[in-house]
Amino acid sequence: MMMSDRCVSKQTLQRLPAYLNYLRGPGKGSKKHVSATMIAEALGLNDVVVRKDLASVSSSGRPRVGYVRSELIKELERFLGYDNSQDAVLVGAGKLGQALMAYGGFPQYGLNILAAFDSDPRLDGVEVAGKKILSMDKLPGLCRRVGVHIGIITVPGEHAQAVCDQLIDSGILAVWNFANAHLLVPEGILVQNENMAVSLALLSNHLKEVFSTK
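The model shown is predicted, which means the values in this text are computed figures rather than measured ones.

S.K.: Help me understand the pattern of salt bridges in this model?
M.R.: Should their charged atoms come close, side chains of opposite charge can pair. Following the criterion strictly, the structure yields four salt bridges and no others. Between Asp47 and Arg51 there is a salt bridge, with its nearest N and O atoms 3.6 Å apart. Linking Asp47 with Arg51, this pair stays in helix α3 (residues 47-55), spanning four residues, or about one helical turn. Of the residues examined, Arg51 reaches a relative accessible area of 39% and is grouped as partly exposed. Its salt-bridge partner being Asp120, residue Arg122 comes within 2.9 Å of it at the nearest N-O pair. Accessibility expressed as a relative area gives 70% for Arg122, which makes it exposed. Since its relative accessible area comes to 21%, Asp120 is described here as partly exposed.

S.K.: Explain the sheet that holds strand β9 (residues 190-193) here, please?
M.R.: Pairing between the strands of a sheet comes from backbone hydrogen bonds, and it takes one of two forms, parallel or antiparallel. Here seven strands make up an open sheet; going across it, the order is β5-β6-β4-β3-β7-β8-β9 and the pairing mixed. Each end of this open sheet is capped by a strand with a single partner; those strands are β5 (127-128) and β9. Relative to strand β6 (residues 131-135), β5 is paired through two bridges, and the arrangement is antiparallel. Bridge assignment links Val128 to a residue of β6, and that residue is Lys131. Packing of helix α6 (residues 139-146) onto the sheet brings it into contact with β3 (86-91), β4 (111-118) and β6, and relative to β3 it is tilted by some 175°. In this fold helix α7 (residues 157-169) packs onto β3, β7 (150-153) and β8 (174-177), with an angle of close to 165° to the strand it touches most, β7.

Reading the values: the criteria
Residue numbers here run from 1 along each chain, matching the order of that chain's written sequence. Residues qualify for local features only when their pLDDT is at least 70, as the model is predicted, and side-chain atom pairs are given and counted only at 80 or more; totals for whole chains, interfaces and linings, by contrast, use all residues. Side-chain numbers here rest on the full set of heavy atoms in the structure, without hydrogens or water. Whenever Lys or Arg places a side-chain nitrogen within 4 Å of a carboxyl oxygen from Asp or Glu, that contact is recorded as a salt bridge. Put simply, DSSP marks the helices as runs of H or I at least four residues long and the strands as runs of E at least two long, and each gets a number from the N terminus on. Here the term buried applies to any residue with accessible area under 20% of the maximum for its type, exposed to any over 50%, and partly exposed to those in between, with areas from a 1.4 Å probe on protein chains only. Pairing between two strands is assigned when DSSP locates at least 2 bridges connecting them. Note on contacts: a residue pair qualifies if any of its non-hydrogen atoms lie within 4.5 Å across the two residues. An axis is simply a line fitted to the C-alpha atoms; with a helix, the fit covers only the stretch in contact. Between two such axes, the angle follows the N-to-C directions and lies from 0 to 180 degrees.

All we've got here are geometric facts, nothing functional implied.
See below:
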């Protein structure tokens, strides 16, 4: 999922997919033009922020007219890399790993999980949604042969660092980490953490604050 060379802030990058989802939404295609104000109102955001975000990835907007919806969708897809499918491998074919393998929505975000790897010999050769689970010894060869640069980690936390090291040794440059572990990586390697423990803590804390005011 390679993005444009144009530099934007991390906050902007986190908002851009929401804009794209809104533009792709059911019934939205009936309107040829869309404005930053329309998007801001629909998503509950500040229209100045939305306008600046869109200006960082598109120069097609016109005063009082806005953007041609179809063109803005293409620009956002191109910037986010969704129009350029990137292959990935997944390590840890347990319940979470297999659920990700079976998820059919990744292609619209430019991600294609080629195969999964696991140390359990009982899983070797098993197929999930047309994707094979292979033994760990085949990981380096496949990554180098195909030129895979994205690795997804769904192993228990105590094994995550070792798996991360194997992925990097195999040529992986970006790691999507679902394990509850802090990963140490060399400079130039990107780690995106999906920490469910942190998310649950934020939800729990929010509920405490809500009920404490009642």
